[in-house]
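Chain residues, written in single-letter form:
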Amino acid sequence: TGFVHRAYLKAAMQTFKREILSSLLVLVLLAGCAPGPAVRPGAEGPRDPRTEQAVSLESSGDYLAAAELYELIAESKSGTARKRVLLDAARNRLLARDLEGATTLLSEVGITGVEELDFRARLLNAELALVRNRPDDALELLRSPAPENLPGDLLVRYHKDRARAFRLAGNLLESAREL
C-alpha cells in the first residue's frame, strides 16, 4: 500500500503543478491584454521636473509656492497647454486664500473652447464665489451639468461645491441630494 500511496501522491503533484503552470500562463496572457495606464485628455505624456516639483509642493500643502511655480511653467507654454497650467496655478492661489491672485489668473484664462478647461474655470469661479459667501452666484455657475468623461476628482468637486452652495443658500434638501 505504501507504493500505491507514493504513486498516487506523485501523480497528484504532477497534476497540481500542471494546473498551477496553466493558471499562471493564463494570467500572464490576460495581463498582456489589459489596457495601459489611463491618460488624462490633453495630457502631453511625461511631465517635466518643474511640474513634478509643483505637484509635490501642492501635495505638501505649500499652495502659494506651487501656484508661483505653475505660473513660471505657464510662461514657457502657449495655447491650451498654457491655460491648463494657469488653471492649476489659480486653484493653488485659491487654496492659499489668495483670492485676488486666483481671480486674476482666471480672467487671464478666459474661455478656451475646450470643454474640460472651461468647466474647470467655471468650477474655480464657483469656488471663489463660495469663499466670498455668494452661494447664488456659485449655483448659477454650476447650473449646467458636468460634462461627460470628466476626471473623477473634478466630478467630486462639482457635487461638493453644489452641495455647499445649496447649504449656504438654506436649501438643505438639495444639498443632501448632491452628496
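Here goes a summary of the coordinates provided.

Analysis parameters
Residues numbered from 1 in each chain as written. Predicted model: local features only at pLDDT ≥ 70, side-chain atom pairs only at ≥ 80, totals over all residues. Heavy atoms only, no water. Helix = DSSP H or I, 4+ residues; strand = E, 2+ residues; numbered from the N terminus. Buried < 20%, exposed > 50% of the residue type's maximum accessible area, 1.4 Å probe, protein only. Contact = heavy atoms within 4.5 Å. Areas by Shrake-Rupley, 256 points an atom, 1.4 Å probe, with all protein chains shown as cover. Core = buried A, V, L, I, M, F, W, Y, C linked by side-chain atoms within 4.5 Å. Axes fitted to C-alpha atoms, helices over the stretch in contact; angles between N-to-C directions. Parallel < 35°, antiparallel > 145°, perpendicular 65-115°, else oblique. Left-handed = near helix turned anticlockwise from the far one by under 90°. Nonpolar A, V, L, I, M, F, W, Y, C, P; charged D, E, K, R; others polar.

**Some words on the overall build of the protein**
Across its full length, the protein carries 9 helices and 0 strands. In the protein, the succession of helices and strands from N to C terminus is α-α-α-α-α-α-α-α-α. Counting all 179 residues of the protein, 29% fall into the buried class. Pairs at least 24 apart in sequence give 51% of the contacts found in the protein among residues at least 6 apart. When the accessible surface of the protein is split by element, carbon and sulfur atoms take 58% of a total near 11500 Å².

**Digging into the nonpolar core**
Counting residues in hydrophobic clusters, the biggest one holds 20 residues, and the most contacted among them are Tyr70, Ile73, Leu87, Leu106 and Leu124. Sorting the residues of this core by element identifies helix 3 (63-75), helix 4 (79-95), helix 5 (99-109) and helix 6 (115-131) as the ones contributing at least two each. With 6 residues, helix 4 is the largest single contributor of residues to this core. Not counting residues within four places of it along the chain, the set of residues in contact with isoleucine 73 comprises Arg50, Thr51, Ala54 and Val85. Counting residues in hydrophobic clusters, the runner-up holds 13 residues, among them Ala129, Leu150, Tyr158 and Phe166.

**Quick word on the packing of helix 2 (residues 49-59) against helix 3**
A pair of packed helices is captured by two measures, namely the crossing angle of their axes and the spacing between those axes. Two elements in contact, helix 2 and helix 3, have axes whose closest approach is 8 Å; the angle formed by their N-to-C orientations is 160°. Looking at the two axes, helix 2 sits roughly antiparallel to helix 3. Crossing handedness for the pair helix 2 and helix 3: left-handed. For the pair helix 2 and helix 3, contact is made by Arg50, Thr51, Gln53, Ala54, Val55, Leu57 and Glu58 and by Tyr63, Ala65, Ala66, Leu69, Tyr70, Leu72 and Ile73, respectively. The residue inventory of the contact of helix 2 with helix 3, partitioned by class, reads 10 nonpolar, 2 polar and 2 charged.

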